[in-house]
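Examining the three-dimensional arrangement
Take a look at the letters that make up each chain.
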Amino acid sequence: MASFLLVAAIATAADGQGLLGHSYRPLAGKTPVDLAATYGGDVVLVVNTASKCGFTPQFEGLEALHANYKERGFAVLGFPSGDFREQEFEDEAQIQEFCTLTYGVKFPMFQKVHVIGDEATPLYRELAAAAGEAPKWNFHKYLLDRDGRLIASYGSRTVPDDPELVAAIERALAAPRPGSGTK
């Protein structure tokens, strides 16, 4: 069941980029991607992934969401992590090959990160603080609005085509892009 948080009062980060004010390397890549510059103004679903988990088939649904809403300004951003029983490959090239060949993943996947504890990346520390909860397992989902603010946090058991999640994405996509005055 999704733990739904309507976040009306969360202030964006001091730099005005919301929670996306970070850079991460693409999976098996070298040049960091500025998330705010690349995905700012989009509705974003941030997901910690793992290749060897019972929830791994969610890759198919995440790819379907990404493909379905991409043209309207939506992106799924995957962050592989081995924080939960080391259910992720060590080698990023192996993660990339598995995701692409097994599940046809085309949505952006980034470097392997820590999502919990003292070693959690700044993005995941901020997501956990905004949501009031860190991921409890793989495939936890954080939905961000066009301003990079948290809309909702969904546990691992919430599948990508869950009606509540899809409705929240569609509501967020109905909002105009910041500064554009248009949808």
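Residues numbered from 1 in each chain as written. Predicted model: local features only at pLDDT ≥ 70, side-chain atom pairs only at ≥ 80, totals over all residues. Heavy atoms only, no water.

**A look at the overall build of the protein**
Per the secondary structure count, the protein includes five helices and six strands. Its helices and strands taken in sequence order, the protein reads β-β-α-β-α-β-α-α-β-β-α from the N to the C terminus. Each of the 183 residues in the protein was classed as buried or not, and the buried ones make up 51%. Pairs at least 24 apart in sequence give 70% of the contacts found in the protein among residues at least 6 apart. (Helix = DSSP H or I, 4+ residues; strand = E, 2+ residues; numbered from the N terminus. Buried < 20%, exposed > 50% of the residue type's maximum accessible area, 1.4 Å probe, protein only. Contact = heavy atoms within 4.5 Å.)

**Here's the deal with the confidence of the model for the protein**
Summarising the model, the protein shows a mean pLDDT of 90, and 89% of its residues fall at 70 or more. Every residue in residues 1-15 scores below 50 in pLDDT, and together they form 28 contacts with partners more than four places removed in sequence or on other chains. (pLDDT = per-residue confidence, 0-100.)

**Topic: unusual backbone geometry**
Glycine aside, a negative phi is what most residues show, and trans is what most peptide bonds show. Of note in this structure, Ala28 is not a glycine but carries a positive phi near 60°. Positionally, Ala28 belongs in the loop between strand E1 (23-24) and strand E2 (33-34). Of note in this structure, Glu86 is not a glycine but carries a positive phi near 50°. With respect to the secondary-structure elements, Glu86 resides in the loop between strand E4 (74-80) and helix H3 (92-103). With a relative accessible area of 61%, Glu86 lands in the exposed category.

**Regarding the pairing of strand E6 (residues 150-154)**
Judged by how many residues are buried, E6 sits mostly within the fold: five of five residues are covered. Note: strand E5 (residues 141-144) against E6, four bridges, orientation antiparallel. When the bridges of E6 are listed, Leu143 appears paired with Ala152. The turn linking E5 back onto E6 is made up of five residues, and Gly148 within it adopts a positive phi angle of 75°. (Pairing = 2+ DSSP bridges.)

**Some thoughts on helix H5 (residues 163-174)**
Taking 1.5 Å of rise per residue, the twelve residues of H5 would be expected to cover 16 Å, and the 16 Å separating its terminal C-alpha atoms lies within 8% of that figure. All of the buried residues along H5 are Leu165, Val166, Ala168, Ile169, Ala172 and Leu173. Relative to the axis of H5, the buried residues are bounded by an arc of 160° and lie together on one face. In H5, the exposed positions angled more than 90 degrees off the buried face are occupied by Pro163 and Arg171. Turning to H5, the residues buried within the fold contact strand E3 (43-49), helix H2 (58-69), E4, E5 and E6. For H5, the N-terminal capping position is held by Asp162, with its side-chain oxygen 2.9 Å away from the main-chain nitrogen of Glu164. (Expected span 1.5 Å × (residues − 1). Arc of directions from axis to C-beta. Polar contact = N/O pair within 3.5 Å; in protein donor to acceptor, adjacent residues only side chain to side chain.)

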